[in-house]
Structure formats: C-alpha cells, structure tokens
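Observations on the three-dimensional arrangement
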Amino acid sequence: MAICFFSPLKPMPFSPSNHNSKPPLIRCSFSPSTITTAEPKPVFSSVRSFAPATVANLGPGFDFLGCAVDGLGDYVSVRVDPSVHPGEISISDICGTHASKKLSKNPLWNCAGIAAIATMKMLNIRSVGLSLTLEKGLPLGSGLGSSAASAAAAAVAVNEIFGGKLDVEDLVVAGLESETKVSGYHADNIAPAIMGGFVLIRNYTPLELMSLKFPEEKDIFFVLVSPDFEAPTKKMRAALPREIEMTHHVWNCSQAGALVASVLQGDLKGLGKALSNDKIVEPKRAPLIPGMEAVKKAALAAGAFGCTISGAGPTAVAVIDNEEKGKEIGERMVDAFRNEGNLNAVAMVTRLDRIGARLVSSVPIR
C-alpha cells in the first residue's frame, strides 16, 4: 500500500503565493497501490491536460535536483470510452513530434499509459474504461524530460476526469512508476513536471520531495539549445563513473548546497556559478555530445551566469536574468554547436514554470 502524507499541510504549500513559507516536504512509499477505498465516478466525459518540460540535475544535482520550464511540454487527452474494457485504458492516438511515431500504443509500453494505469489503480477504477491521446511537444532523448512530461500529463488527466481525488504526492508516485519502467528510478524530471518550480529529491527510500520556492518577484530565464543529436538516457548513464574521488564528492556537495541556497534567495549569479561547476557527471557526458564543451564556453563568454547539460543531454541549458540577452546567448550557443560539433541546433528562451502539470480543458458529464 502506498502511504503518503504531507508535512505540514496538503496540498496548499505548493501555491506560488506561499513562497515565503518553509519548503514543504513530501514523504511517500513508492507503490501505486489503491489510495481511494470507494471507486469514484467520472465527473467529466473528457479532459485535456498539459505537463511542462523539465531540466534535471542542474549541474551538481545529479538525480536529486530539477525544475520545470515554461512553453514546452506534452498534452494528454482522456475520455470515457464504453468500447474499452472496464478498468482498462487504451491509447487511441499519438501525434506531435516526428519521434512520436517511435512510441508504442500499448499502454504497458508507453510512459503515458503506464502512469495512467498506475493512477487508475490508485483510484480503484474498475467499472469505467478510458481512451487516451498523447500529443508530443517534446522530442525523445532531448534531455528535457520527454517521458516525464507524458507521464505527468497522463496522471493528471486520469485524476481530473474522476474529480481530482488524488493529491500531488500521489501523482508523483504514479508518474515515477512510469519513469522507473521507461528511463530509470529517478524523480528529478517527474517531480518538477507535476509540482512545478524547483524540486529537491531528499530521499528515494521512502520518496521524500522538497519544493524549493524561487522568489515570486524575480525572473529567471533558461536558454535551451537543442542540437540535432539524440542522447539516449541509458547510454548517457552508462558513461558515469562507478567510483568518485573524495575531493570531487566534497566539491559537488558544496556546489549543490550553493545552488539550493541560490534558488531560495533568488541569486541568479550564484545559481549559475554552482550550475556550471559539476566535476562528476558533466565531464563524462560532455565529450559524448559533439561541440558541448565549446557551447558552454560560448554561453559563458556571451554573458550567461551559468551553463550545463540539461538532464542526460544533448540539450544545453544556460541561465540569465534578461530575455533579450538570453536570445543573444542562444545564438552564440547555436553557432558553437554548428562550428565545433557540426550539428544544427535550435535555441529557445523560456521562464520557470511555477505551476507544473495541470488541467487545460474539460467536458462535463451530461
């Protein structure tokens, strides 16, 4: 059974208006078992949800830090479908990016389907069948949390069609069930995709999450530069060292601590400095992405506060406090990918997504 509780309140501390309160802590045992005892009835005949892209690791925060970014993500539509066997879900369509053609429509082998099934199990759904459509806005293997966005949107959609009975922590557990089967047991994408903002994974056994509140009155811009190159998560994780030097361990711990403090203080320069100073993971992964080292140098030379690999890559992420400056930095990073890595790349400047996965439209039961 999944035992979840929220300290000190649930789920109000996730509201951006409470950013001055103590960072909330979620503890959940990882199991998508039944949460509700009575089977809820659907309150909508169909819903559509959105979940944002995410930047995981943030340099020294490998597998325990991540944030959601605005403007990119996946959509999931779910409808009550009498033709689907009660208690089951069917994936009727997958559309969007060209890579979506690679995805299976078997819900047991699709990240959205796995999360939807886990959510239905939590809700104890036995008498209603659902049909799901996935609209991919994120490319696969981009380092922007593509699988997590699909899982988060699916979990939210299924929950909302039955009246939103589950809490945010339950949805993270459902999404983590998908991540575990698709890309590994790590929550630094799925947690911010559902919760929004910056999230720290304090512990995995049991799962403990902390929402880090970046000050409302401050802006942070992410320069995301994605080259025409795929970096599969499994391949990029295989490149990681099995042992690390104590001096590198101490260094990364100090940088991760500085990064968290900078997020809470809204110190963008401090955040960028810490983000750029990973001595364990980035040095092993950057050489696998053509031109990445030159891209980082170009970003910093152009005025970025910091630059690193987003997730497993190949997307590079830089941080800055001005959108126009961010566009200039993005151009220099694109040039570096082309000149040093022989790769075409596209740049986007976006803000922090403080909301996370959410319902965007619904049709009531008539």
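Residues numbered from 1 in each chain as written. Predicted model: local features only at pLDDT ≥ 70, side-chain atom pairs only at ≥ 80, totals over all residues. Heavy atoms only, no water.

**Details of the overall build of the protein**
Heads up, the rule is: Only DSSP runs of H or I covering at least 4 residues are called helices, and only runs of E covering at least 2 are called strands; the numbering of each starts at the N terminus. Buried, partly exposed and exposed residues are distinguished by accessible area as a fraction of the type maximum, computed with a 1.4 Å probe on protein chains only: under 20%, between the cut-offs, and over 50%, respectively. The criterion used for residue contact is that any of the two residues' heavy atoms lie within 4.5 Å. Residue-level accessible areas treat just the shown protein chains as cover; the underlying method is Shrake-Rupley with a 1.4 Å probe.
Tallying secondary structure elements over the protein gives 10 helices and 13 strands in all. Relative to its full complement of 366 residues, the protein shows a buried share of 57%. Counted over contacts in the protein with a minimum sequence separation of 6, partners at least 24 positions apart contribute 77%. Carbon and sulfur atoms form 54% of the exposed surface of the protein, whose accessible area is close to 15,300 Å².

**Things to note about the layout of surface pockets**
Regions of empty space are outlined by a rolling probe, equal in size to a water molecule, passed over the atoms. To keep things clear, this is the line we draw: Of the two site types, the cavity is a set of points on a 1 Å grid over the protein atoms alone where a 1.4 Å probe fits but cannot get out, and the pocket is an open set with protein on both sides within 12 Å along at least five of seven lines, each lined by residues with an atom within 4 Å of a point. Grid points are joined across faces, edges and corners, and a volume is the space filled by probe spheres set on the points. Each residue is assigned to one class: nonpolar for Ala, Val, Leu, Ile, Met, Phe, Trp, Tyr, Cys and Pro, charged for Asp, Glu, Lys and Arg, and polar for all the others, Gly among them.
Computed from the structure, the largest pocket encloses a volume of approximately 760 Å³. In terms of lining residues, the largest pocket is bounded by 39 residues, among which Gly-141, Ser-147, Val-182, Ser-183 and Thr-233 are the most central. At the level of elements, helix H1 (111-123), helix H2 (146-161), helix H3 (168-182) and helix H5 (233-238) are the ones that each hand at least two residues to the lining of the largest pocket. By residue class, the composition of the lining of the largest pocket is 13 nonpolar, 16 polar and 10 charged.

**So, the pattern of salt bridges**
Filter applied, for reference: Each salt bridge in this description consists of a side-chain nitrogen of Lys or Arg and a carboxyl oxygen of Asp or Glu lying within 4 Å of one another.
Counted by the stated rule, this structure contains 16 salt bridges. For the salt bridge of Glu-39 with Arg-126, the shortest nitrogen-to-oxygen distance reads 4.0 Å. In this pair, Glu-39 sits in the loop between strand E2 (25-28) and strand E3 (44-56) while Arg-126 sits in the loop between H1 and strand E6 (130-136), placing the two residues 87 residues apart along the sequence. When its relative accessible area of 18% is taken as the criterion, Glu-39 is described as buried. The salt bridge involving Glu-177 is made with Lys-181; its shortest N-O contact spans 3.2 Å. Remark: Lys-181 and Glu-177 occur in helix H3; sequence separation between them is four residues, near one turn of the helix. The exposure class assigned to Glu-177 is buried, which follows from its relative accessible area of 16%. The class of Lys-181 is exposed, set by a relative accessible area of 57%. By sharing partners, the salt bridges in this structure join Glu-331, Arg-332, Asp-335 and Arg-338 into a single network.

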